[in-house]
Amino acid sequence: MCGIVGYVGDREANNILLSGLKRLEYRGYDSSGIATLNNRGEVSLARKKGKVSELEDELSKNKNSNKIGIGHTRWATHGEPSEHNAHPHRSGDVYLVHNGIIENYKELKEELEGHKFISQTDTEVLAALIDSLYTNDIILKDAVAQALKLVTGTYGIAVVSKREPDTIVVARSGSPLIIGLGKGETFIASDATALIGHTDQAIYLNDGEMAVCTAGAVDLMTLSAQPVSTKVETIANDIQKIQKNGYDHFLIKEIMEQPTSLRSTLSGRLILGENRVQLGGLNLSLAELKDIENIVIVGCGTAYYAGLLASYYIEKIVGNITVDVVVASEFRYRSFYLPKNTVALIVSQSGETADTLACMREIKSRGMKTLGIINAVGSTIAREVDGGVYVHAGPEISVASTKAFTSQASVMIMFGIQVAQAKGVSLEKTSEYVKELNILPKEIETVLKNHRNEIEELSKKYSKYDHALFLGRDTSFPVALEGALKLKEISYIHAEAYATGELKHGPIALIDNRFFEIMIMNDDWLIDKSSSGLSEVNARGGHVIVLTNSSKKFECETTVRIKTKNKLLAPIVLNVLQQLFAYYVSLAKGNEVDQPRNLAKSVTVE
Ligand code: F6R
């Protein structure tokens with residue numbers, strides 16, 4: 001959720017912290033702040049409401065050459081977005097940045113009698129707690145460890161003190177923290193993106209671990225002071241991948257790069273000569289794959305919809321299998337039963353989503369195999385699952401997920417094919433899907449190229465509406481759900497999606513002149529039934545846009561007709577039209593496309 005950075009070394013900390021915060025801004029953007037220290041322990045603290053650029057302006061007025069500091073970009077959980085609620089929070093000599101939620105902060109606050117709190121945040125309570133334990137005879141590390149033993153909740157923290165101006169203490173439980181190792185300098189980040197360009201050597205902290213970081217040295221231990229052996233990992237360090245590369249926004253860049261990102265998802269996994277799929281990293285034997293009787297797919301938001309879409313395909317490809325798709329925030333508190341021979345697919349772009357992570361841990365504790373369908377390499381879920389497949393879509397910076405959806409759905413379809421192969425499903429059936437996956441990047445490329453301008457034009461007209469209804473059947477239904485989510489989150493137009501067959505059971509009552517409807521008409525055996533749905537909407541004065549790959553003529557206000565060789569997977573191709581549509585509607589409305597209001601990219605709190 002929030003972004004954390006830290007630096008200790010030889011260079012000016014402000015520059016490094018600011019550039020790190022800009023990279024992490026997609027994690028939260030309601031306020032930000034930086035605290036740096038000179039070697040006498042004098043602290044410069046700057047905090048601003050709004051974007052990191054506001055903080056940058058502030059810092060340019062009060063320059064310093066301090067060589068150590070911590071910074072934070074916030075997504076509010078406790079207390080409104082404001083300067084006094086922004087991090088770093090201070091108590092006495094202690095300055096702290098925090099990602100997560102301290103659940104028992106009210107109880108702790110009551111116990112910290114006499115302390116005057118100036119913010120409404122749980123984080124300030126943690127700062128005060130550390131400060132209260134930071135007596136003259138102990139060092140910061142011990143005060144932090146003692147305080148964290150009294151805390152329930154989740155945290156990734158970085159702490160500095162006036163009394164130890166060469167040290168940053170970090171700790172994690174439930175929220176990611178990475179330590180980057182440079183030559184004579186150490187970096188802290190909640191996300192590897194902030195380390196790119198500085199170092200490719202990193203230590204990922206595990207839950208229950210803390211570290212004392214100085215310039216060029218890191219001492220790693222558990223909260224109970226047991227030493228931990230250091231595992232240094234090499235992280236991707238390609239700066240190109242986190243830049244806009246000539247596009248106005250990350251969102252349009254990520255939409256347009258889907259042919260490339262999808263090629264990298266499929267690369268080495270489609271064995272074309274044999275019309276087969278081979279996913280490495282599943283850590284399942286052929287016999288285990290063959291024995292799978294039930295698949296449960298867990299995710300949130302777009303990752304959930306990718307799972308829902310994949311479930312339709314997996315059922316079609318494998319045949320004899322049940323597939324349940326569940327929203328992580330619900331599933332984690334349900335009394336669910338997992339039959340024997342269940343495998344769970346844990347779907348997450350960031351690999352850090354708190355609810356998805358909690359479900360994964362619960363399923364694993366029940367002895368079921370968990371497989372990650374993850375984009376962010378080295379993320380918490382990716383490191384804790386029993387096996388899995390990286391989707392390799394590359395960094396997704398825009399808050400609205402696009403290329404990850406396409407890659408996640410494709411990976412799960414490949415998983416379905418691999419299960420089908422193990423179960424002896426006819427090659428004739430599975431090879432159809434292998435062939436369709438193979439051409440998918442090219443088909444998406446053509447549609448993006450041929451229809452971008454058309455969608456841009458169209459979106460001007462429809463950006464004036466207040467409401468939208470998305471409709472689709474079968475594999476087009478999850479795509480309709482995803483289309484509605486994309487539109488609402490970046491354009492703020494109220495959008496809902498239904499299975500076309502559900503229209504008559506309630507939603508048809510909505511249709512009036514404040515609504516437009518997007519109907520996904522995939523050219524499959526259900527197209528005539530979808531057409532009946534269209535007639536029903538037209539009969540009530542609907543304003544329908546049909547997105548289709550069929551050559552049929554449809555009675556509607558607007559038709560966007562694509563040509564694609566994909567048949568089974570055509571809904572995935574049609575989905576890119578919805579992505580373009582949401583982007584251009586948002587642009588027409590003058591919205592912050594990459595950082596829509598109230599949202600953050602990586603949801604590491606419940
Ligand atoms: C929508 C969107 C969110 C995420 C959801 C899960 O565009 O981005 O709905 O899909 O928050 O995030 P991950 O995939 O990181 O677990």
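Just above sits the structure.
In this text, all values refer to a predicted model and were calculated from it rather than measured experimentally. (Residues numbered from 1 in each chain as written. Predicted model: local features only at pLDDT ≥ 70, side-chain atom pairs only at ≥ 80, totals over all residues. Heavy atoms only, no water.)

1. Some thoughts on the sheet that holds strand S24 (residues 515-521)
Here's step 1: Taken in spatial order, the five strands line up as S23-S22-S24-S25-S26 in an open sheet, and their pairing is parallel. With one partner strand each, in any of the chains shown, strand S23 (494-499) and strand S26 (558-561) form the two edges of the open sheet. Neighbour-to-neighbour, the strand axes of this sheet turn through a mean angle of 15°, independent of strand direction.
Here's step 2: Here strand S22 (residues 467-472) pairs with S23 via six bridges, running parallel. Its bridge partner lying in S23, Gly-472 is registered against Ala-499.
Here's step 3: Helix H16 (residues 527-538) rests against S22, S24 and strand S25 (544-548) of the sheet, and its axis sits at about 170° to S24. (Pairing = 2+ DSSP bridges. Helix = DSSP H or I, 4+ residues; strand = E, 2+ residues; numbered from the N terminus. Axes fitted to C-alpha atoms, helices over the stretch in contact; angles between N-to-C directions. Contact = heavy atoms within 4.5 Å.)

2. Here's the deal with the sheet that holds strand S20 (residues 369-374)
Here's step 1: Taken in spatial order, the five strands line up as S18-S17-S19-S20-S21 in an open sheet, and their pairing is parallel. Both edges of this open sheet fall to strand S18 (322-327) and strand S21 (387-390), since each of them pairs with a single strand only. Across the sheet, the axes of successive neighbouring strands diverge by a mean angle of 20°, strand direction being ignored.
Here's step 2: Contacts from helix H9 (residues 301-318) reach strand S17 (294-299), S18 and strand S19 (342-348) within the one sheet, and its direction differs from that of S18 by about 170°.
Here's step 3: Helix H11 (residues 354-365) rests against S17, S19 and S20 of the sheet, and its axis sits at about 165° to S19.

3. Some thoughts on the nonpolar core
Here's step 1: Phe-415, Leu-487 and Phe-581 are the most contacted members of the largest nonpolar core, which has 93 residues in total.
Here's step 2: When sequence neighbours within four positions are dropped, the list of residues in contact with Phe-415 reads Leu-279, Leu-282, Leu-289, Ile-292, Ile-295, Val-343, Leu-345 and Leu-371.
Here's step 3: Ranked by size, the runner-up nonpolar core spans 31 residues in total, among them Val-125, Ala-128, Ile-157 and Ala-171. (Core = buried A, V, L, I, M, F, W, Y, C linked by side-chain atoms within 4.5 Å. Buried < 20%, exposed > 50% of the residue type's maximum accessible area, 1.4 Å probe, protein only.)

4. Re the packing of aromatic side chains
Geometry of an aromatic ring pair is reported as the spacing of the ring centres plus the angle between the planes.
Here's step 1: Per the counting criterion, the structure on display carries ten aromatic pairs.
Here's step 2: Ring geometry for Tyr-313 and Tyr-433: centres 6.2 Å apart, planes at 75°, overall edge-to-face. Taken together, the residues Tyr-313 in helix H9 and Tyr-433 in helix H14 (residues 427-462) connect sequence positions 120 residues apart. Accessibility assignment for this pair places Tyr-313 and Tyr-433 in one class, buried. (Phe/Tyr/Trp six-rings, centres within 6.5 Å; stacked < 30°, edge-to-face > 60°.)

5. What about the pattern of salt bridges?
Here's step 1: In this structure the tally under the stated criterion is 28 salt bridges.
Here's step 2: Residue Arg-11 is joined to Glu-185 by a salt bridge in which the shortest nitrogen-to-oxygen separation is 3.0 Å. Residue Arg-11 is located in the loop between strand S1 (3-8) and helix H1 (13-24), and its partner Glu-185 is located in the loop between strand S9 (178-181) and strand S10 (186-189); the two are separated by 174 residues in the primary sequence.
Here's step 3: Of the residues examined, Arg-11 reaches a relative accessible area of 36% and is grouped as partly exposed.
Here's step 4: The exposure class assigned to Glu-185 is buried, which follows from its relative accessible area of 10%.
Here's step 5: With a closest N to O distance of 2.5 Å, Lys-403 and Glu-257 form a salt bridge. With a gap of 146 residues between them, Lys-403 in helix H13 (residues 403-422) and Glu-257 in the loop between helix H6 (250-256) and helix H7 (258-266) connect regions that are remote in the sequence. Grouping residues by exposure puts Lys-403 and Glu-257 together as buried.
Here's step 6: A single salt-bridge network, built from bridges that share partners, covers Arg-172, Asp-207, Arg-361 and Glu-384. (Salt bridge = Lys/Arg side-chain N within 4 Å of Asp/Glu carboxyl O.)

6. Considering empty space enclosed by the protein
Here's step 1: One pass over the structure, following the stated rule, counts two cavities of 30 Å³ or more.
Here's step 2: Looking at the largest cavity, its volume works out to about 80 Å³.
Here's step 3: Thr-77, His-87, Gly-100, Asp-122 and Thr-123 are the residues nearest the centre of the largest cavity, which is lined by 14 residues in total.
Here's step 4: Looking at the lining of the largest cavity, the elements that each hand over two or more residues are strand S6 (94-99) and helix H4 (122-133).
Here's step 5: A per-class count over the lining of the largest cavity returns four nonpolar, eight polar and two charged.
Here's step 6: Estimates place the volume of the second largest cavity at around 50 Å³.
Here's step 7: Considering the residues around the second largest cavity, the lining is formed by Val-5, Gly-6, Ile-16, Gly-20, Phe-187, Ile-188, Ala-194, Leu-195 and His-198.
Here's step 8: Listed by contribution, the elements that provide at least two residues to the lining of the second largest cavity are S1, H1 and S10. (1 Å grid on protein atoms, 1.4 Å probe; cavity = no way out; pocket = protein on both sides within 12 Å on 5 of 7 lines; lining within 4 Å. Points joined across faces, edges and corners; volume = space filled by probe spheres on them. Nonpolar A, V, L, I, M, F, W, Y, C, P; charged D, E, K, R; others polar.)

7. Some thoughts on the layout of surface pockets
Here's step 1: Size it by volume and the largest pocket reaches roughly 980 Å³.
Here's step 2: Of all elements in the fold, only strand S14 (232-234), H7 and helix H12 (380-384) reach the threshold of two or more residues within the lining of the largest pocket.
Here's step 3: The element that contributes the greatest number of residues to the lining of the largest pocket is H7, accounting for three residues.
Here's step 4: Partitioned by chemical class, the residues of the lining of the largest pocket number 15 nonpolar, 17 polar and twelve charged.
Here's step 5: Here the second largest pocket defines a volume of roughly 600 Å³.
Here's step 6: Lining of the second largest pocket is provided by 28 residues; of these, Cys-300, Gly-301, Thr-302, Lys-601 and Val-603 occupy positions nearest its centre.

8. Notes on the state of the cysteines
Here's step 1: If you walk through the whole model with that rule in mind, you get zero disulfides.
Here's step 2: Here Cys-2 is not cross-linked by a disulfide; its sulfur's nearest cysteine counterpart is in Cys-300, at 17 Å.
Here's step 3: On the basis of relative accessibility, which here comes to 7%, the residue Cys-2 falls in the buried class. (Disulfide = S-S within 2.5 Å.)

Honestly, that's just the spatial picture; any functional story needs more than this.
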